[in-house]
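For reference, the chains in residue letters:
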Amino acid sequence: MDTQKMKDLIRKFNVCIERNKDYQAYSDFKEGVNKGLDIAKYTFEDNLEKLSLSDLDDNPAEKIRGLENNFNQLLDGITLSKKPNISEQRLDGVYTGFEKSKKIFKEFITESFPLENT
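Each chain has its residues counted from 1, following the order in which its sequence is written. pLDDT decides what is reported in this predicted model: residues at 70 or higher carry local features, side-chain atom pairs at 80 or more are listed and counted, and totals for whole chains, interfaces and linings draw on all residues regardless. Derived side-chain values reflect all non-hydrogen atoms in the structure, with water molecules and hydrogen atoms excluded from consideration.

**Examining the overall build of the protein chain**
Put simply, DSSP H or I for four residues or longer makes a helix, DSSP E for two residues or longer makes a strand, and each gets a number counted from the N terminus. Within the protein chain one finds four helices and zero strands. Its helices and strands taken in sequence order, the protein chain reads α-α-α-α from the N to the C terminus. Buried, partly exposed and exposed residues are distinguished by accessible area as a fraction of the type maximum, computed with a 1.4 Å probe on protein chains only: under 20%, between the cut-offs, and over 50%, respectively. Looking at the protein chain as a whole, 36% of its 118 residues are labelled buried. Surface accessibility follows the Shrake-Rupley procedure with a 1.4 Å probe radius. Residue values consider only the protein chains on display as shielding. Carbon and sulfur atoms make up 46% of the accessible area of the protein chain, which amounts to about 7,500 Å² in all.

Right, here's the structure in full:
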């Protein structure tokens, strides 16, 4: 995949993530959700080449499911430890942000690579 297409995909995904943030986060939980969304955004950017979006021509529906699974596994592989200055609510919010970002990614990938027969 060429560099410009990768930059465009990253920009589009970042816009999707930013649209789903709560900019009036007034609790540790909501701040954690925003942090989880940020982590997902950076995870996508750092691992875009590994996700292999260029092979979508061979069985696109299966490839999209594979991309979703790969992205979900990347997020599921992130473990955060409880630190003294991070509340349990914020930590829960981060994991909720991960789950929210999985749904955002599914919508993003489906819109970016629409299936012809659906």
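**Some points on the nonpolar core**
Judged by nonpolar contacts, the single largest core of 24 residues is most densely connected at Phe13, Phe44, Phe71, Ile104, Phe105, Phe108 and Ile109. Sorting the residues of this core by element identifies helix 1 (3-19), helix 2 (28-51), helix 3 (60-76) and helix 4 (88-112) as the ones contributing at least two each. In terms of residues, this core owes the most to one element, helix 2, which gives seven residues. To qualify as a nonpolar core, a set must consist of buried Ala, Val, Leu, Ile, Met, Phe, Trp, Tyr and Cys residues joined through side-chain atoms within 4.5 Å.

**Examining the packing of aromatic side chains**
Aromatic contacts are taken between Phe, Tyr and Trp rings whose centres are within 6.5 Å, Trp giving its six-membered ring; a plane angle under 30 degrees counts as stacked, one over 60 as edge-to-face, and the others as tilted. Scanning the model with the defined rule gives 10 aromatic pairs in all. Considering the side-chain rings of phenylalanine 71 and phenylalanine 105, the 4.2 Å spacing of their centres and the 15° angle between planes classify their relative orientation as stacked. Here phenylalanine 71, found in helix 3, pairs with phenylalanine 105, found in helix 4; they are 34 residues apart in sequence, far enough to count as distant. Each of the two residues, phenylalanine 71 as well as phenylalanine 105, counts as buried. On the basis of an interplanar angle of 90° and a centroid distance of 5.6 Å, the ring pair of tyrosine 95 and phenylalanine 98 is categorised as edge-to-face. Remark: phenylalanine 98 and tyrosine 95 occur in helix 4; sequence separation between them is three residues, near one turn of the helix. Assessed through its relative accessible area of 32%, tyrosine 95 is described here as partly exposed.

**A look at helix 4**
Take the residue count of a helix, subtract one, and multiply by 1.5 Å to get its expected span. If you check helix 4, its first and last C-alpha atoms are 36 Å apart, about what 25 residues at 1.5 Å a residue would give, namely 36 Å. The set of residues buried in helix 4 consists of Leu91, Gly93, Val94, Gly97, Phe98, Ser101, Lys102, Ile104, Phe105, Phe108 and Ile109.

**Describing the pattern of salt bridges**
For this document, the term salt bridge refers to a Lys or Arg side-chain nitrogen within 4 Å of an Asp or Glu carboxyl oxygen. Overall, the coordinates contain nine salt bridges when judged by the stated rule. A salt bridge links lysine 41 to glutamate 18, with the shortest nitrogen-to-oxygen separation between them at 2.7 Å. One end of the pair, lysine 41, is in helix 2; the other, glutamate 18, is in helix 1, with 23 residues separating them in the sequence. Across the pair aspartate 38 and lysine 21 runs a salt bridge whose closest N-O atoms are separated by 2.4 Å.

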